[in-house]
Amino acid sequence: MKTHPEIVIKEISALETYLVRHPVLREGRPIEDCRFDHDDDDTTFHLGLYSENNLLGVVTFIKNGYEKLQGNQYQLRGMAVLKAYQKHGFGKLLINKGEALIKQKQGNLVWCNAREIAVDFYKRNGFSIIGQPFTIPKIGLHYTMYKQL
């Protein structure tokens, strides 16, 4: 992991996530495509990773169950790190912080629909694939992955 001055991870609003969601996950599409179902639920939380007051990465955790899994589940959505800062370990830091908060909320499982290009990243962070791959229109091939906490 490359070093960066003063990394801070804190809870942010859904709207603030758009600053990173848009260029990384919805590039070339309308800004409205950055809004996710359940973004504003009371049980949803969003994390932002900052270096020198610059937002470099975001992730959202939604209290949402996946029918093939058991437990007090949260869905990880919208994991994104600005392209210039990818492969610096920031995604791992965001996941670790999210998992710690989920444990505080008595959650014991995290799952996500991972883009094909992100599967190895999630595997390195302790996630396993469940079920068959599927395609999300306009986005591409995905795998459902999960991790027991």
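Before going into details, it helps to say that this report is about the structure given with it. Note that the coordinates shown come from a computational prediction; the quantities given were computed from them, not determined experimentally.

1. A word on the side chain of Gln75
- Mapping Gln75 onto the fold places it in strand β4 (residues 73-81).
- Classification of Gln75 as buried rests on a relative accessible area of 7%.
- Side-chain polar atoms of Gln75 contact the side chain of Asn64, separated by 2.8 Å.
- If we skip the residues at most four places from it in the chain, Gln75 touches Thr60, Phe61, Ile62, Asn64, Trp111 and Asn113.

2. Topic: helix α1 (residues 14-25)
- Here α1 is 12 residues long, yet its end C-alpha atoms lie only 14 Å apart, well below the 16 Å a rise of 1.5 Å per residue gives.
- Taken residue by residue, α1 has Ala14, Thr17, Tyr18, Val20, Arg21, Val24 and Leu25 as its buried positions.
- Packing partners of the buried residues in α1 comprise β1 (7-12), β2 (45-51), β3 (54-62), β4 and β5 (109-115).

3. Considerations on the nonpolar core
- In terms of nonpolar packing, the biggest core is built from 26 residues, with Phe61, Leu76 and Tyr122 touching the most fellow members.
- If you list the elements that add at least two residues to this core, you get β2, β3, β4, α2 (90-104), β5, α3 (119-124) and β7 (140-148).
- Beyond its immediate chain neighbours, meaning those up to four positions away, Leu76 contacts Val59, Thr60, Phe61, Ile95, Val110, Trp111, Cys112, Tyr122 and Phe127.
- If you look at the next biggest cluster of nonpolar residues, it comprises 8 residues, including Ile12, Val24, Leu25 and Ala80.

4. A few points about the environment of Leu76
- Positionally, Leu76 belongs in strand β4.
- Once the C-alpha coordinates of Leu76 and Gln132 are considered, the two residues, 56 residues apart in sequence, prove to be 18 Å apart.

5. Details of the pairing of strand β6 (residues 128-136)
- Two elements, β6 and β7, share 6 bridges in a ladder whose sense is antiparallel. Bridging from a neighbouring strand, Ile136 pairs with Gly140 of β7.
- The loop that links β6 with its antiparallel partner β7 comprises 3 residues; one of these, Lys138, has a positive phi angle of about 70°.

Here is what the cut-offs are and how they apply
- Residues numbered from 1 in each chain as written.
- Predicted model: local features only at pLDDT ≥ 70, side-chain atom pairs only at ≥ 80, totals over all residues.
- Heavy atoms only, no water.
- Helix = DSSP H or I, 4+ residues; strand = E, 2+ residues; numbered from the N terminus.
- Buried < 20%, exposed > 50% of the residue type's maximum accessible area, 1.4 Å probe, protein only.
- Polar contact = N/O pair within 3.5 Å; in protein donor to acceptor, adjacent residues only side chain to side chain.
- Contact = heavy atoms within 4.5 Å.
- Expected span 1.5 Å × (residues − 1).
- Core = buried A, V, L, I, M, F, W, Y, C linked by side-chain atoms within 4.5 Å.
- Pairing = 2+ DSSP bridges.

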